[in-house]
Amino acid sequence: MKISHLMKGITASVFGAAMLLTGTTANAAWDCKEVTFIVPYSPGGGSDQMARRLQPGLEEALGVSVNIVYKTGGGGAVGFSELHRSKPDGCTISNVVVPNVIISSKGEGVGYKPDDFAYIGMTESSAGTLMVPKDSPYKTIEAFIAGAKEKPGMLTVAGTGGSGADRWAQLAEVLGIEATYVPVSGGVGKMMPMLAGSHVDAAATGANHATKHSGIVDSILIAGSNEVSTLPGVPTEPDWNYVVTWGIMAPPGTPADYVEALNVALNSAASKPEVREALLKGGYVPHIQTVAEVNAFMADEIAKLAD
Amino acid sequence: MIEAFFMAISPSYLFYMTIGVLLGLVVGTLPGLTATMGTALLVPFTFGLPTGEGIAMLGGLYVCAMFSDAIPACLVNTPGTPAAMATGFDGHPMVKQGRGQEAIVAACFGSAIGTVFGAICYLLLAWPMIAIALKFGPPQFFWLGIFALTIIGSLAGDSILKGLAGAAIGIMISCIGISHAAEVNRYTLNIPELRGGVSLVAALIGVFAVPQVLNMILNLKKEEFVAEYKSEPGVILSTIKKVILTPIHNLRSAVIGAFIGILPGAGSPIAAIVSYNEALRWSKDKSQYGKGDIRGVTASEIANNAAAPAAMIPLVTLGVPGSAPAAVIAGALMLRGLNPGPELFATDGSLVYSFGWSLLIAGIVVFFVGMFATPLLTRIIKIPLRVLAPMIMFLAIIGAYAIRNNIFDVYLMLLIGVFVFLVRRIGFHPGPIGLGFILGPIIEPNLVQALYISHAVGVQKVFFSGSVNLILISLSILSVSAVAISKFKSRNKTN
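Basis of the calculations
Think of each chain on its own: its residues are numbered from 1, step by step along the sequence as written. Note on labels: chains are lettered from A, ligands numbered from 1, in written order. Local features in this predicted model are restricted to residues of pLDDT 70 or higher, and side-chain atom pairs are both shown and tallied only at a pLDDT of 80 or more, whereas totals for entire chains, interfaces and linings draw on every residue. Only DSSP runs of H or I reaching four residues or more are called helices, and only runs of E reaching two or more are called strands; each is numbered from the N terminus. We take the radius of gyration over the C-alpha atoms and set the globule estimate at 2.2 Å times the residue count to the 0.38 power. To assign burial, the other C-beta atoms lying within 10 Å of each residue's own C-beta are counted, with C-beta atoms placed from the backbone; 20 or more indicates buried, 12 or fewer indicates exposed, and intermediate counts indicate partly exposed. Here the contact rule is simple: place C-beta atoms from the backbone, and any two residues whose C-beta atoms are within 7 Å are in contact. For the purposes of this description, domain bounds are those given by an automatic or database domain assignment. Each residue receives one of three labels: charged for Asp, Glu, Lys and Arg, nonpolar for Ala, Val, Leu, Ile, Met, Phe, Trp, Tyr, Cys and Pro, and polar for the others, Gly being one of them. In a helix, the anticipated span is given by 1.5 Å times the number of residues less one.

*Asks:* Explain the overall build of chain B to me, please; I cannot follow it from the model alone.
*Replies:* The number of helices and strands found in chain B is 24 helices and two strands. Taken over the C-alpha trace, chain B has a radius of gyration of 22 Å; the compact-globule value for 495 residues is 23 Å, and the two agree within 12%. Its C-alpha atoms give chain B principal-axis dimensions of roughly 65 × 60 × 50 Å. Buried positions account for 61% of the 495 residues belonging to chain B. Partitioning the contacts of chain B with sequence separation of at least 6, the portion at a separation of at least 24 is 80%.

If you want it as structure tokens, here you go:
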């Protein structure tokens, strides 16, 4: 009995000391002891990497430690709704992926609308890219179109989830072809081996994935009007609208001055040369935005996808 | 490659890899802490280390967790990670028979064998193996899942129907959440946490730990301990001898583990299940499987450990990780500006090979760590049930919560646990239900994708042609017929 009292005492003192020691210097704009960074996707994935890329710069700029916490599921919905429920005290932020946050909000009972959140800034974007396996008979977009016209509906194109179907439908219309769409989710990790093993004839996902896997797949078309430096020589298709954008957001009702302070910290982290270099090498387009710019961007995107 | 070996045996590599192994021992032993979470939590600590040492540490954790998850599976019938589910089928009965140390030594030695084999595949056979792995697309994964399901025949005990029903329940529950094919909610009942589906780890803890605890509580008057603790002198050597005496079984388990580990999306849990099934099918004396046959333990552990280094093969050849912990390690590499994939061989070839050597050495280290830890760990069953039961429940609750920092997972775990406890009383075996949870995410999305593909090229071509499909279908039919024949025979005997 005596020993257990002693243990209780020691435990209590250790906890007490630990709490004292974790007090940190507060930033003038807000007084968070630490920042929780919710990652709505799996560890090791793109959002996790983005969080970890920004973590050192954020900690430096904010003067407190930034803790990454995973809340995965539902294509991001679980993490986004977790952020939605968090206190708007400037101490909790999360990744945001556009258009995922908009599309997932249309699900029933999901608990958030994309215009609820307090957006801090977008940091990178990636254009949609159509890819084929290295040993595909269709090495250019012209060859692919010709192949699809020869056997309408018999070529298969993989894309991410349900929204990928709409994006493919748009491209199919622009190219004037018919092909069968195959939804793949659970991360692009499934799509790449499927494509490399020629289980599907083509796949459409972000240029960042095309860049990363350029050893096993070839890109034949890029969405939008800008070429991608890591995919030299790949033609662009301005009538194909497919861009994925990543950034950071805070819970609804976060006061404007906290959002501003977080925006400054984010941009300082995102401007670091090693972060920019990693983005450019990865096939991303880096962005630095003011709060006004990100709000305008989001309003635009939400309007585009309004029913 | 030789240069990489010397890198891997340098003191700093060995030091960090051993730390990873020790952490893996803790991570695997606590149900609810998975290898994925363990590696994810460890990644920030690797930032201050040079890359080689950092990933050696992560690899050490992964490999040891694939051993230590057998410990709670054997001692208290609760797999420490989903990969050890099949280990408990025979491991726990062994503990109840007073052969607990034998079970854990077998698991440890088996894990070491599996890890070394998997690491050798990684170092020498990466490219040929990945060529075979690329033949696996949605239809092939579907048939692999079906094949893994046929193990129900051996697990279900007396009623195959109940086994099938249990698996069906498991699969149905694993389908809860947003469908993979379209943003459609399935049975989420408007609860946001369910949109992501039922967490596998919480479900498995619910299926195995909770009924176990409830049984312990109900039996308190009759049984004071999980089992009688018998000190087994000389058990280490005699068990090692027993395991060495089944070389073909060991080799088969290792090969199955490595091949399934290399498939992105499959991983250690499926490897262990298929290996167990095959071990059962090919053995002459099947009577002891499920009742404490040491080969059940080694089949599962050799395979789930061989799958771990194998899961790194697609990472370095295709740039795609073969399992979730491999994905975390991939993320750690990418944060250092490295691009895991075929180019990595050209830019950092020695890193690729030293990692393989580190995994191989980790397998040996796991063996020694396990040998030291076994006598201590088996003493856990000396703890009386009235203390052990609340401890397990406590760990189960923390474990279920820790997965997603979500109290909802704890409620789910308890709900599933009570449900399984009740259905056990009417003859349902928890194994098939756990199997359904693990295999549902393999069978269902791949079936859907394969069906989409078949819109383009026809069902016949997609599902019933190609050597991999035909092999898997034949194996499944064989597996089912073997069970049917043996049931028929035993029924005739009792007539």
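*Asks:* Would you explain the domain arrangement of chain A in this entry?
*Replies:* Residue and element names in this part refer to chain A. The domain boundaries assigned to chain A delineate domain 1 (30-124 + 245-304) and domain 2 (126-243). For domain 1 versus domain 2, the distance between C-alpha centres works out to 28 Å. On the side of domain 2, 14 residues touch domain 1, which itself brings 10 residues to the contact. Residue composition of the side of domain 1 that touches domain 2, by class: four nonpolar, six polar and no charged.

*Asks:* Even after reading the chapter, I still don't get unusual backbone geometry, so can you show me in this structure?
*Replies:* Leave glycine aside and you will find that most residues have negative phi; peptide bonds, for their part, are mostly trans. Residues Val98(A) and Pro99(A) are joined by a peptide bond in cis, for which omega reads 10°. Its location among the elements puts Pro99(A) in the loop between strand 3 (92-98) and helix 4 (100-104). Despite not being glycine, Ser198(A) has its phi angle at roughly 60°, a positive value. For Ser198(A), the location among the structural elements is in the loop between helix 7 (188-196) and strand 7 (202-206). A count of 15 C-beta atoms within 10 Å places Ser198(A) in the partly exposed class. A positive phi angle is found at Asn77(B), which is not glycine, with a value near 55°. Positionally, Asn77(B) belongs in the loop between helix 5 (70-76) and helix 6 (85-96). On the neighbour-count criterion, Asn77(B) (22 C-beta atoms within 10 Å) is buried.

*Asks:* I keep staring at helix 22 (residues 430-457) of chain B and nothing clicks. Help me out?
*Replies:* Since the α-helix advances by 3.6 residues per turn, residues separated by three or four positions end up pointing in the same direction. Residue and element names in this part refer to chain B. With 28 residues, helix 22 should cover 40 Å at 1.5 Å per step; its first-to-last C-alpha distance of 39 Å lies within 8% of that length. The buried count for helix 22 comes to 20 of 28 residues, which makes it a mostly enclosed element. One or two steps after helix 22, the chain reaches Gly458, where phi turns positive at roughly 95°.

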